[in-house]
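Observations on the three-dimensional arrangement
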There are 2 protein chains.
Amino acid sequence: MSHPKKFLTIKPEIRVLGVDDGKFFLHAQGTVIVVGVVFRGGYSIDGVMHTNILIDGLDATEKFASMINTSPHHRQLRLVMLNGITFGGFNIVDINRLYAATGLPVLSLTHEKPDLEAVHKALKNLPNSEERWKLIVKAGEIYEIINNGATVYLTLAGISLADAQIIIRLTSTRGCLPEPLRVAHLIASGISP
Amino acid sequence: MSHPKKFLTIKPEIRVLGVDDGKFFLHAQGTVIVVGVVFRGGYSIDGVMHTNILIDGLDATEKFASMINTSPHHRQLRLVMLNGITFGGFNIVDINRLYAATGLPVLSLTHEKPDLEAVHKALKNLPNSEERWKLIVKAGEIYEIINNGATVYLTLAGISLADAQIIIRLTSTRGCLPEPLRVAHLIASGISP
């Protein structure tokens with residue numbers, strides 16, 4: 001577990017990157033688009049970036065890091081929010097390594113309770129299943145919090161639970177999902193085939 | 001020129017679709033993505049849609065109409081805002097035909113002054129240049145207005161200048177461009193190669 005970065009102040013206009021993946025057809029091969037949206041607090045969009053990752057591949061962490069590090073928004077960003085830690089099927093993000101590679105704390109959030117047993121079973125049908133499972137275990141503790149009346153589930157790298165909750169609350173202006181994640185989802189789905 | 005639709009009321013949360021195209025390499029062939037963003041007034045994103053049009057093709061009007069008419073947001077929409085009328089190079093939208101096909105008034109807005117003479121000249125290098133030029137002429141009068149301190153240029157189909165100005169002012173919460181167009185541009189560029 002990475003040492004949490006301490007936020008000295010959390011400004012209402014804090015720049016947060018929300019990341020989600022596009023849709024793809026079941027049993028598809030190849031790549032899927034991943035979209036990152038730069039939000040200023042919970043209100044305004046400052047930019048959009050993208051990368052492509054292999055469906056069921058092992059390159060998500062590296063591709064996300066490179067998308068973020070090469071973006072002109074990198075220096076303004078204070079936090080990365082991921083919609084869960086599995087993208088493009090079972091291409092799993094190592095949130096601690098993403099934190100180390102970008103210098104930005106990482107928070108993954110889902111509103112469905114992660115079913116680790118089902119994931120462990122499903123992984124067995126894929127190559128490198130043990131490596132993938134280790135990334136899931138390595139993501140660390142899953143926290144359950146109530147956000148705008150709904151339960152959401154978090155894993156954290158480089159940020160304390162207290163700071164994560166402040167930023168989630170601040171950016172959740174339109175429901176139980178923070179705007180960076182709600183809008184990343186709308187864009188990634190809206191541009192998918 | 002189509003008969004302008006009269007807006008009985010213009011609500012602060014009026015649903016407006018902003019449309020812009022992605023980037024492509026000069027002299028590229030094939031298609032380019034066009035993104036539509038559903039905005040609720042000037043603040044919040046309700047959805048994202050997309051289509052693909054031929055670079056320098058003649059299918060923009062038809063593809064835009066089909067993207068809008070098949071969207072689950074169609075019935076909530078009150079206005080379509082286009083970033084100019086040429087997309088994917090010189091694939092020109094017939095704004096009056098788009099209005100007729102979707103039932104939604106269409107407003108095109110640019111912050112660069114349209115240089116019709118240069119366009120007429122450039123068109124001569126393309127097939128169907130007369131047909132394309134007719135679409136530009138058919139778009140009708142170009143209005144010049146000041147929005148948040150900057151000059152912008154409009155063409156209109158199915159909406160009066162007075163109503164257009166009210167909606168432009170209402171949705172321009174972050175500068176001289178209405179949010180639906182500013183964000184459509186960020187998304188379309190951000191997901192381009």
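For the structure, see preceding data.
Residues numbered from 1 in each chain as written. Chains lettered and ligands numbered in written order. Predicted model: local features only at pLDDT ≥ 70, side-chain atom pairs only at ≥ 80, totals over all residues. Heavy atoms only, no water.

**Some details on empty space enclosed by the protein**
- In this structure the tally under the stated criterion is one cavity of 30 Å³ or more.
- Reported here for the largest cavity is a volume of approximately 50 Å³.
- What lines the largest cavity is Phe-39, Tyr-43, Ser-44, Ile-45, Glu-179 and Val-183 of chain A together with Phe-39, Tyr-43, Ser-44, Ile-45, Glu-179 and Val-183 of chain B.
- Those elements that provide at least two residues to the lining of the largest cavity are strand S3 (44–54) and helix H6 (179–190) of chain A together with strand S3 (44–54) and helix H6 (179–190) of chain B.
- Split by residue class, the lining of the largest cavity holds eight nonpolar, two polar and two charged. (1 Å grid on protein atoms, 1.4 Å probe; cavity = no way out; pocket = protein on both sides within 12 Å on 5 of 7 lines; lining within 4 Å. Points joined across faces, edges and corners; volume = space filled by probe spheres on them. Helix = DSSP H or I, 4+ residues; strand = E, 2+ residues; numbered from the N terminus. Nonpolar A, V, L, I, M, F, W, Y, C, P; charged D, E, K, R; others polar.)

**Some points on the pairing of strand S2 (residues 31–40) of chain B**
Residue and element names in this part refer to chain B.
- Among the ten residues of S2, eight are classified as buried, and the element is accordingly described as predominantly covered.
- Sheet topology note: the strand S1 (residues 15–21)/S2 ladder contains seven bridges and is antiparallel. Note that in S2 the partner of Asp-20 across the bridge is Val-35.
- Across ten bridges, S2 lies against S3 in antiparallel orientation. From the neighbouring strand, Val-32 faces S3, where its bridge partner is Ile-53.
- Linking S2 to S3, which pair antiparallel, is a turn of three residues; within it Gly-41 sits at a positive phi near 60 degrees. (Buried < 20%, exposed > 50% of the residue type's maximum accessible area, 1.4 Å probe, protein only. Pairing = 2+ DSSP bridges.)

**Regarding the environment of Pro-193 of chain B**
- Mapped onto the elements of the fold, Pro-193 of chain B is located in the segment after H6.
- Spatially, the C-alpha atom of Pro-193 of chain B lies 14 Å from that of Asn-52 of chain B, the residues being 141 residues apart in sequence.

**Some words on the interface of chain A and chain B**
- In this assembly, 19 residues from chain A lie in contact with 19 residues from chain B.
- Between chain A and chain B, roughly 1500 Å² of surface is buried when both sides are summed, and carbon and sulfur atoms account for 60% of that area.
- In this structure, the connection of chain A to chain B is made through zero salt bridges.
- Taken together, chain A and chain B are joined by four residue pairs in polar contact (both at pLDDT 80 or more). (Contact = heavy atoms within 4.5 Å. Buried area = accessible area lost by both parts, 1.4 Å probe. Salt bridge = Lys/Arg side-chain N within 4 Å of Asp/Glu carboxyl O. Polar contact = N/O pair within 3.5 Å; in protein donor to acceptor, adjacent residues only side chain to side chain.)

Purely geometric numbers; function is a separate question.
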